Amino acid sequence: MKKFKLFSLSPKLFAASILPPAIVAIFASIAFSGLTMKIINENVMTTAGNAARKLSNQIIDRLQPSVDKLANWQAIVSEIHEEKVLRRVIKGLSSDLSESELFYYSTKESRFSRHGFFINNLDWVPPDDWEPMERSWFKDAEANAGDFTYTEPYVDYRSGNLCVTFAQAVYNNEDDFLGVAALDLNLDMFKDAVFDVYVSTHGKVHIVNSEGLYLTNDDASKIMKGNYIQESSISELGGYDVAGYLDGLERAFIKNGRYYAVAPIGTSPWFAVVEGPVSDFNTKFKVQVIVILCFMLLIGAICTLINMYVMGNMRAKEHGLGSKLIVETQNLAVASKENAATAQDQSAAVKEIVATMEDNNSLSENIATKIKDVSGVATKTSDDVSEGVSYIDQNVRQLREIAEANQGTISGIKMLGDKIENIWDIVTLINSVADQAKIIAFNAELEASSAGEAGKNFHIVATEIRRLADGIIDGTKEIKERINEIQESSDSLILASESGTEKINEGCESAKNLKERFTNIKNASEITAASAADITTIIQQQAVASEQMLITLKQISAGVENFGAATENISVASMNLKKIAEELNK
C-alpha cells in the first residue's frame, strides 16, 4: 500500500476537504455573534432596570423612618394640642434624628398670636419676618387635606443646605384644621444612595424631579437648575419629553448604542434615572466572542486536517481494492457459468412443485366445503338446543309456581286446624256452661218440689232448663264428632299436599338436571360451530396461501429461467469489470 502524504491530494480533492468545514465555521461564527449581541442587549436592559429599581428602593428605605415619624407626630398633635406638652414630646420623638433634620409643627394661627405657636426639635428660633403660614410647605399641606406633601428642593434658611420638606395637615377629631406638621431632610442622603449604585464604567445615575431637574449631580451648580431630559442623549431620540419619559412607569431600553432606564421613587414626584453606552458591556463580551470564534476556527482546521487524512487513506485503499477487484471478477465469471447450469436444474424442480401445489389447492377447496356443511349442522343443533332449554326454563318456572301454590294451601289448612282448635275450646266452654245449667236446674227442681203448690210453675221452668241443657250437651257432642272428622280430613290433606310438594320439588330438580345437560349440549354445539368456523377460515387462508405460493413458484420458475440468462450477462459484465479494475489500479 502506498503511504499517504498530506499535500499529495489533487486540487479538487483538497478543495472538497477544506471548503465544507470552513463554510460551517463561518456561518456558525455569524450566528453565534448575532445571538451573543442579543443576549448582551437583554442583559444590559435588565442590569439598567435593576439599577434604577435598586436606587428607588434605597431612597424609599431611607425616607421611610422619617415618614413614619412624621405620621406619628401628626397623630400625636391631632390628639394633644398643647404647646408645652408637644415641646416635650417632640424632643423624645426626634432623639435619633441628625442635626441636619428639623422636625417641627405650626398652628394655623400666626406664631405671634395668642393661640398660635411654632415648635421644633432643635429649638431653632426663626427671624421675626419668618411666618410659617406663608411658606409653600404649609400652603401645600393645607391644600392636600391630610395627604403627604413633598416640596421642591430648596436651600434651607437655617443651614444653607439643599433640603426637601415633608409636610402633612393636622386635624382634630371633629375634622377641624389645626395646623401642619413637617420634617426637613438634607438631600445629602440622596448622594450617598446614588454613590452606592454602579451600572457600568461610563454609566450615569441621577435622581430628578417630575420636571427633569437634577436632585443629585456631581456638578453642584446643576442641582435644581440643570434639566436631565435636555442635557442627556434622550433629547436626541425623538418622541420623549419630560411628561412622556417621567410618567410614573418603569422602563428600560436600548437606543442608538446607549441604554436607558427610569423608575419612580414611591409616591414622591422624584425618579431614579440611569443611562450609559452599551459598549461598556460589549468589551468583555467581545473578548469572549473572539476567543470562542478562534476556538471554532481551530476546531474547523483540525477537522479539515482529519478529513484530508481520511480521504488520503481512502485513496490509498482504492489501489489495494482495485487489485482485489481483478481477482474477484475472475472468480465471479467462473461462478456465473456454474450458476447458469444450476439454474436450469432448479427450473425443472420448481415446475414439478408447481404441479403438486395445484393439486393441493384443489384438495383444500373441497375440505373447506365439507367444513362449511359441518358448521351449518352444528349451528342448527345449537339453535334447537337453545329452544329446548327455553322450554325447560318455562316448565321449571311453572313447577315452582305449583309448588308455591301448594305450599299456600298447606299453610291455609294449618291455619284452619288452629281455628278448629279454638272452636274446640269454645265447645268445651259451652259444655261446661251446660253442665252448670243442668246442676242449677236440678237444684231448682228440688227447691220447687219442697215448695209444694207454690213452686209448681218454677218446677216446670227448671225442668225445661235442664232439658235445654241436655240438648246443648247432645249438640256439642255432635259438634265434637264433626270437628274430629274435619281434623282428620285436614291432616290427611296436609300429608297429601306435602307429598305432592316433594314430588314437585323432585320434578324441579330433574328439570334443572335436564337443563344442565341441554346447556352442556348447547355449549358443545356452539364450540363445535365456532371450531368449524375457525377451521373453515384456516382452510380458506391456507387455500389463499397455497394460491399465493403457487403464483410465487410460477414467478420463481420464470425468475430461474431469467436467472440463467442473467448469469450469462454477468459473465460478460465481469470480464468488462476486470478491464475497468485494471485501469483503476494503474
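The notes below deal with the structure included here. Source: prediction; values computed, not measured. (Residues numbered from 1 in each chain as written. Predicted model: local features only at pLDDT ≥ 70, side-chain atom pairs only at ≥ 80, totals over all residues. Heavy atoms only, no water.)

**Regarding the overall build of the chain**
Okay, so step 1: For the chain, the helix and strand inventory stands at eight helices and 10 strands.
Okay, so step 2: Within the chain, the proportion of its 586 residues that are buried is 34%.
Okay, so step 3: Of the contacts formed within the chain by residues at least 6 apart in sequence, a portion of 65% connects residues at least 24 apart.
Okay, so step 4: Working note: accessible area of the chain is about 35100 Å², and carbon and sulfur atoms make up 58% of it. (Helix = DSSP H or I, 4+ residues; strand = E, 2+ residues; numbered from the N terminus. Buried < 20%, exposed > 50% of the residue type's maximum accessible area, 1.4 Å probe, protein only. Contact = heavy atoms within 4.5 Å. Areas by Shrake-Rupley, 256 points an atom, 1.4 Å probe, with all protein chains shown as cover.)

**Here's the deal with the nonpolar core**
Okay, so step 1: Ranked by internal contacts, the top residues of the largest apolar core, which has 46 residues, are Leu55, Trp73, Tyr105, Phe190, Ile207, Trp270 and Val274.
Okay, so step 2: If you tally residues by element for this core, the top one is helix H1 (residues 11–79), at 12 residues.
Okay, so step 3: Beyond its immediate sequence surroundings of up to four residues, Trp73 is in contact with Leu86, Val89, Ile90, Leu93, Phe103, Tyr104, Tyr105, Ile119 and Ala181. (Core = buried A, V, L, I, M, F, W, Y, C linked by side-chain atoms within 4.5 Å.)

**Considering the sheet that holds strand E9 (residues 258–264)**
Okay, so step 1: The antiparallel open sheet is built from four strands, whose spatial order is E7-E10-E9-E8. Among the strands making up the open sheet, the edge pair consists of strand E7 (204–209) and strand E8 (251–255). The sheet shows a mean angle of 20° between the axes of neighbouring strands, taken without regard to direction. (Pairing = 2+ DSSP bridges. Axes fitted to C-alpha atoms, helices over the stretch in contact; angles between N-to-C directions.)

**With respect to the packing of aromatic side chains**
Okay, so step 1: For the coordinates displayed, the defined rule picks out 18 aromatic pairs.
Okay, so step 2: Residues Tyr150 and Trp270 carry aromatic rings whose centres are separated by 5.6 Å and whose planes lie at 75° to one another, so their mutual orientation is edge-to-face. Placement of Tyr150 in strand E3 (residues 149–150) and of Trp270 in strand E10 (residues 270–277) is noted, with a sequence separation of 120 residues between them.
Okay, so step 3: Taken together, the aromatic side chains of Tyr104, Phe118, Trp124, Trp130, Trp137, Phe138, Tyr171 and Phe177 make up a single cluster linked through ring pairs. (Phe/Tyr/Trp six-rings, centres within 6.5 Å; stacked < 30°, edge-to-face > 60°.)

**Looking at the layout of surface pockets**
Okay, so step 1: In this structure, the largest pocket spans a volume of roughly 500 Å³.
Okay, so step 2: Broken down by secondary-structure element, the contributors of at least two residues to the lining of the largest pocket are helix H4 (188–195), E7 and helix H5 (228–231).
Okay, so step 3: A breakdown of the residues in the lining of the largest pocket according to their chemical character gives eight nonpolar, seven polar and seven charged. (1 Å grid on protein atoms, 1.4 Å probe; cavity = no way out; pocket = protein on both sides within 12 Å on 5 of 7 lines; lining within 4 Å. Points joined across faces, edges and corners; volume = space filled by probe spheres on them. Nonpolar A, V, L, I, M, F, W, Y, C, P; charged D, E, K, R; others polar.)

**Quick notes on a nonpolar patch on the surface**
Okay, so step 1: On the surface, a cluster of nonpolar side chains totalling about 470 Å² of accessible area is made up of Phe295, Leu298, Ile299, Ile302 and Ile306.
Okay, so step 2: With respect to the helices, strands and loops of the structure, Phe295 is situated in helix H7 (residues 279–451). (Patch = residues over 30% accessible without salt bridge, like charges linked within 9 Å, V, L, I, M, F, W, Y side chains within 5 Å. Salt bridge = Lys/Arg side-chain N within 4 Å of Asp/Glu carboxyl O.)

**Here we look at helix H3 (residues 136–144)**
Okay, so step 1: Buried within H3 we find Trp137, Phe138 and Ala141. In an axial view of H3, the angular spread of the buried residues amounts to 100°, which keeps them on one side of the axis.
Okay, so step 2: In the core, the buried residues of H3 are packed alongside strand E1 (102–107), E3, strand E5 (162–171) and strand E6 (177–186).
Okay, so step 3: Just downstream of H3 lies Ala145, where phi reads positive at about 55°. (Arc of directions from axis to C-beta.)

**Some remarks on unusual backbone geometry**
Okay, so step 1: Look at Asp123: it is not a glycine, yet its phi comes out positive at around 55°.
Okay, so step 2: Within the secondary structure, Asp123 sits in the loop between strand E2 (118–120) and H3.
Okay, so step 3: Asp123 gets classed as partly exposed once you look at its relative accessible area, which sits at 48%.
Okay, so step 4: With phi around 55°, Asn256 is a residue other than glycine that occupies positive phi space.

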